[in-house]
Amino acid sequence: MDFIEVVIQTNIDSGELLGMLRSGGSLGAWESDGFLHLFWPEDQWNPAAFADLTQVLMQMGVEDRENLLTIRSVPDQDWNAEWAKSLRPIRLGRHLRIRQSWHEPDPAFDGIELVIDPKRAFGTGYHATTQLVIEWLEDHIGGGERILDVGTGTGVLAMAAIRLGAASALAVDNDPVAIECAWEYCSANGFGPELELRATSFEDLEAVGYDVVVANLDIRTMPGFCPHLRRLLKPGGIACLSGLQPQDFDEISEALARVKLHICGRTNREEWIALTIRDSKFGIEGGS
Ligand SMILES: C[S@@+](CC[C@H](N)C(=O)[O-])C[C@H]1O[C@@H](n2cnc3c(N)ncnc32)[C@H](O)[C@@H]1O
């Protein structure tokens, strides 16, 4: 079978781009010298796939997208090996390491290792918004918590929370493809019934009172999530909201104040911020 290779002159993250594509079918991507190479089986490359790609590039801020794209047919070749070569295991926070299945475990590493291959869900560990929540979990999981992970993508945050000591997690995503990928990762990493995956939107979740809620969502979705956070978090519970940028702070702060939640901590990486949220009744911890 032949493949379609799309080459884009950009420095955006391949895992992030793959995670945002809606149409599916892309086999993978790799980065090299300022170019991103994406591959589709020839029979899956169609106008809908092209429209999806250009839309995602626009969302990711790539300008002049059509002129930066080169599309060509390539014979069956071992592009997978090229892609694999470009990805390396990554250390997150103080305790975690994510590796791709084609890399061997590091015998010298005695922390928590998760195996996640980039497929069609966001959350391979390379993005700052994921990293901020992982670091937050390291500081806020004491042991035994019931976790809700909203917008789970690969399931990375729920998996990390359980390995850090949480008792159980419900991980939801309104994209069934993400949940399919998360299911594969959770099984491959040896998780069982303590980690429940559900293809649903947060609006449809019953309020059972979670000790900890993590949500790495975008600014279009986050304000609508705030009232749900209020009902999903147990009194005295704590949450981490990621996927936000400094200019979103006022809008989110107001949306939270309307439901009597407040921001009691803030961390940042690159152009991203993550916020720690508590119920107003339960006082303010450090941070601004
Ligand atoms: C930025 S990714 C985060 C993935 C992963 N949690 C991480 O931190 O790397 C956001 C995810 O939220 C999901 N999402 C968007 N709106 C949602 C909603 N209303 N309910 C549940 N999930 C949603 C998207 O499908 C996507 O997988």
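Bear in mind that the values here come from a model prediction, so they are computed numbers and not experimental data.

Things to note about the sheet that holds strand 12 (residues 233-244)
Here seven strands make up an open sheet; going across it, the order is 10-9-8-11-12-14-13 and the pairing mixed. Every other strand in the sheet has two partners, leaving strand 10 (195-199) and strand 13 (261-269) as the edge strands with one partner each. On average, each strand axis in the sheet is inclined to that of its neighbour by 15°, with strand direction left out of account. Alignment of strand 8 (residues 146-150) against strand 11 (residues 210-216), held across four bridges, turns out to be parallel. Note that in strand 11 the partner of Leu148 across the bridge is Val213. Along the sheet, helix 8 (residues 222-232) contacts strand 8, strand 11, strand 12, strand 13 and strand 14 (272-279); its crossing angle with strand 12, the most-contacted strand, is approximately 160°.

Quick look at the site of the ligand
Of all residues adjacent to the ligand, which total 17 residues, the nearest are Thr130, Gly151, Asp173, Ser201 and Asn216. At 2.8 Å from a nitrogen atom of the ligand is found a main-chain nitrogen or oxygen belonging to Gly151. For the ligand, the accessible surface in isolation is 600 Å², of which the surrounding protein chains cover 88%. Its residues placed into classes, the shell around the ligand shows five nonpolar, ten polar and two charged.

Regarding the packing of aromatic side chains
Under the defined criterion, the tally for this structure stands at three aromatic pairs. Between Phe202 and Phe225, the aromatic rings sit 5.0 Å apart at their centres with planes inclined by 65°, giving edge-to-face as the arrangement. Linking Phe202 in the loop between strand 10 and strand 11 with Phe225 in helix 8, this pair joins segments that are 23 residues apart in sequence. The burial state of Phe202 is the same as that of Phe225; both residues are buried.

Brief notes about the pattern of salt bridges
Once the charged atoms of two side chains with opposite charge are near each other, the side chains can pair. Applying the stated criterion across every chain, the model contains eleven salt bridges. With a shortest N-O distance of 2.5 Å, Arg72 and Glu5 are connected by a salt bridge. With a gap of 67 residues between them, Arg72 in strand 4 (residues 69-74) and Glu5 in strand 1 (residues 3-9) connect regions that are remote in the sequence. A relative accessible area of 3% places Glu5 in the buried class. Of the charged contacts in the structure, one is a salt bridge between Asp211 and Lys234, with a shortest N-O distance of 2.6 Å. Residue Asp211 is located in strand 11, and its partner Lys234 is located in strand 12; the two are separated by 23 residues in the primary sequence. A single salt-bridge network, built from bridges that share partners, covers Arg94, Glu138 and Asp139.

Remarks on the sheet that holds strand 6 (residues 96-99)
Here three strands make up an open sheet; going across it, the order is 5-6-7 and the pairing mixed. Because the sheet does not close on itself, it has two edges, and the strands there are strand 5 (90-92) and strand 7 (112-115). Recorded for the sheet is a direction-independent mean angle of 25° between the axes of neighbouring strands. Two elements, strand 6 and strand 7, share four bridges in a ladder whose sense is parallel. Note that in strand 7 the partner of Arg99 across the bridge is Val115. Helix 6 (residues 156-163) contacts strand 6 and strand 7 of the sheet and is inclined by roughly 150° relative to strand 7.

Considering helix 5 (residues 128-140)
Taking 1.5 Å of rise per residue, the 13 residues of helix 5 would be expected to cover 18 Å, and the 18 Å separating its terminal C-alpha atoms lies within 8% of that figure. Among the 13 residues of helix 5, ten are classified as buried, and the element is accordingly described as predominantly covered. Of the residues making up helix 5, those classed as buried are Ala128, Thr129, Thr130, Gln131, Leu132, Val133, Ile134, Trp136, Leu137 and Glu138.

As for unusual backbone geometry
Residues other than glycine seldom take positive phi values, yet Lys260 does so here, at roughly 60°. Residue position: Lys260 is located in the loop between helix 9 (249-258) and strand 13. By relative accessible area, Lys260 is classed as exposed at 57%.

Some words on the pairing of strand 12
The buried fraction of strand 12 amounts to nine of the twelve residues, a majority that puts the element mostly inside the structure. Pairing of strand 12 with strand 14 involves five bridges; the strand directions are antiparallel. What sits directly across from Ala239, in strand 14, is Ile277.

So, helix 7 (residues 176-188)
Under the 1.5 Å per step criterion, the end-to-end length of helix 7 is 18 Å for 13 residues, consistent within 8% with the ideal 18 Å. The set of residues buried in helix 7 consists of Ala178, Ile179, Cys181, Ala182, Tyr185 and Cys186. An end-on view of helix 7 places all buried positions within 160° of arc, on one side of the element. Facing away from the buried side of helix 7 by more than 90 degrees, the exposed set consists of Trp183 and Ala188. Against strand 7, helix 6, strand 9 (168-173) and strand 10 lie the buried residues of helix 7. Regarding helix 7, its N-cap is Asp175, as a side-chain oxygen of that residue lies 2.9 Å from the backbone nitrogen of Val177 further along.

Scoring rules and cut-offs
- Residues numbered from 1 in each chain as written.
- Predicted model: local features only at pLDDT ≥ 70, side-chain atom pairs only at ≥ 80, totals over all residues.
- Heavy atoms only, no water.
- Pairing = 2+ DSSP bridges.
- Helix = DSSP H or I, 4+ residues; strand = E, 2+ residues; numbered from the N terminus.
- Axes fitted to C-alpha atoms, helices over the stretch in contact; angles between N-to-C directions.
- Contact = heavy atoms within 4.5 Å.
- Near = heavy atom within 4 Å.
- Polar contact = N/O pair within 3.5 Å; in protein donor to acceptor, adjacent residues only side chain to side chain.
- Areas by Shrake-Rupley, 256 points an atom, 1.4 Å probe, with all protein chains shown as cover.
- Nonpolar A, V, L, I, M, F, W, Y, C, P; charged D, E, K, R; others polar.
- Phe/Tyr/Trp six-rings, centres within 6.5 Å; stacked < 30°, edge-to-face > 60°.
- Buried < 20%, exposed > 50% of the residue type's maximum accessible area, 1.4 Å probe, protein only.
- Salt bridge = Lys/Arg side-chain N within 4 Å of Asp/Glu carboxyl O.
- Expected span 1.5 Å × (residues − 1).
- Arc of directions from axis to C-beta.

Note that every value here comes from positions in space, so none of it alone points to a role or purpose.
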